[in-house]
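# Structural features, examined
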Amino acid sequence: MYVVKSPLSDENLKTVSEALQGALVDLIDLSLVAKQIHWNVVGPRFRSVHLQLDEVVTTARAHSDTVAERAAALGVSPDGRAATVAVGSGIGVTPEGWVDDAAAVSTLVDALGAVITRMRERIAATEEPDPVTQDIFITITADLEKHHWMFQAANG
């Protein structure tokens, strides 16, 4: 059932909707990973890492909403259900229990790196079929790369 009809061709809409859905899943999972580590980080840099993790959560949640609303605007039903996120995310497994601050930072560097790599693929995939969506992905990637840099610098 289509409630909203996209101005994109069916072929372009397929490419763009797959990119949007993949981005949504990755951003939701990134927010969950960052929050999980936020609750469990320990060590001498606890406070700074704890606060920095919440910045990632805020960024990922804001961008996931933008991505979901872009999908909806194109007539694609966004799927952010837990089961969908669990099978579709490009982020590796998050450690259980308490996480040393250095390991927490490394985990975030890896998670952000995975999402950034996939976002750059989406930027390339949407260049021709939908520059509007591509622009959203460029903005998201820039924000994630800033977090990636800051977490890498934290472990020097």
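Residues numbered from 1 in each chain as written. Predicted model: local features only at pLDDT ≥ 70, side-chain atom pairs only at ≥ 80, totals over all residues. Heavy atoms only, no water.

The name given to the protein chain in an unreviewed UniProt entry is DNA starvation/stationary phase protection protein, and the organism recorded there is Streptomyces prasinosporus. Taken verbatim from the UniProt record of the protein chain, the Sequence similarities (unreviewed entry) comment is "Belongs to the Dps family." (UniProt positions renumbered as here; feature names shortened; annotations may be inferred.)

Looking now at the environment of glycine 92. Following the sequence through the fold, glycine 92 ends up in the loop between α3 (82-88) and β2 (99-100). Owing to a relative accessible area of 52%, glycine 92 belongs among the exposed residues under this scheme. C-alpha of glycine 92 to C-alpha of valine 33: the two residues are 59 residues apart in sequence and 9.5 Å apart in space. (Helix = DSSP H or I, 4+ residues; strand = E, 2+ residues; numbered from the N terminus. Buried < 20%, exposed > 50% of the residue type's maximum accessible area, 1.4 Å probe, protein only.)

Attention now goes to the nonpolar core. Generally speaking, soluble globular proteins have nonpolar side chains that are buried together. Core analysis: the largest hydrophobic core is formed by 43 residues, its most contacted members being Leu30, Val67, Leu108, Phe137 and Leu144. Elements represented by at least two residues in this core include exactly α1 (10-40), α2 (46-73), α4 (101-126) and α5 (131-155). When residues of this core are assigned to their parent elements, the largest contribution, 13 residues, is made by α1. Other than its neighbours up to four places away in sequence, leucine 30 contacts Val56, Ala60, Ile91, Leu108, Ala111, Leu112, Val115 and Leu144. (Core = buried A, V, L, I, M, F, W, Y, C linked by side-chain atoms within 4.5 Å. Contact = heavy atoms within 4.5 Å.)

The next point concerns the side chain of histidine 50. Here histidine 50 shows up in helix α2. Setting aside residues up to four positions removed in sequence, histidine 50 forms contacts with His38 and Val41.

This part covers α4. Taking 1.5 Å as the rise per residue, α4 with 26 residues should run 38 Å; its terminal C-alpha atoms sit 37 Å apart, in good agreement. Its side-chain oxygen at 3.0 Å from the backbone nitrogen of alanine 102, aspartate 100 defines the N-terminal cap of α4. (Expected span 1.5 Å × (residues − 1). Polar contact = N/O pair within 3.5 Å; in protein donor to acceptor, adjacent residues only side chain to side chain.)

Moving on, we get to the pattern of salt bridges. Side chains bearing opposite charge may pair, as long as their charged atoms lie close to each other. Here the structure, examined in full by the defined rule, presents eight salt bridges. Linking aspartate 101 and arginine 45 is a salt bridge whose minimum nitrogen-to-oxygen distance equals 3.6 Å. Placement of the pair is aspartate 101 in helix α4 and arginine 45 in the loop between β1 (41-42) and α2, with a sequence separation of 56 residues. A salt bridge links glutamate 145 to arginine 120; the shortest N-O distance between them is 2.9 Å. Residue glutamate 145 is found in helix α5, and its partner arginine 120 is found in helix α4; the two are separated by 25 residues along the sequence. A relative accessible area of 28% places glutamate 145 in the partly exposed class. Under the relative-accessibility criterion, arginine 120 is labelled partly exposed at 47%. Salt bridges here are not isolated pairs; linked through shared partners, they connect Asp26, Arg118 and Arg122. (Salt bridge = Lys/Arg side-chain N within 4 Å of Asp/Glu carboxyl O.)

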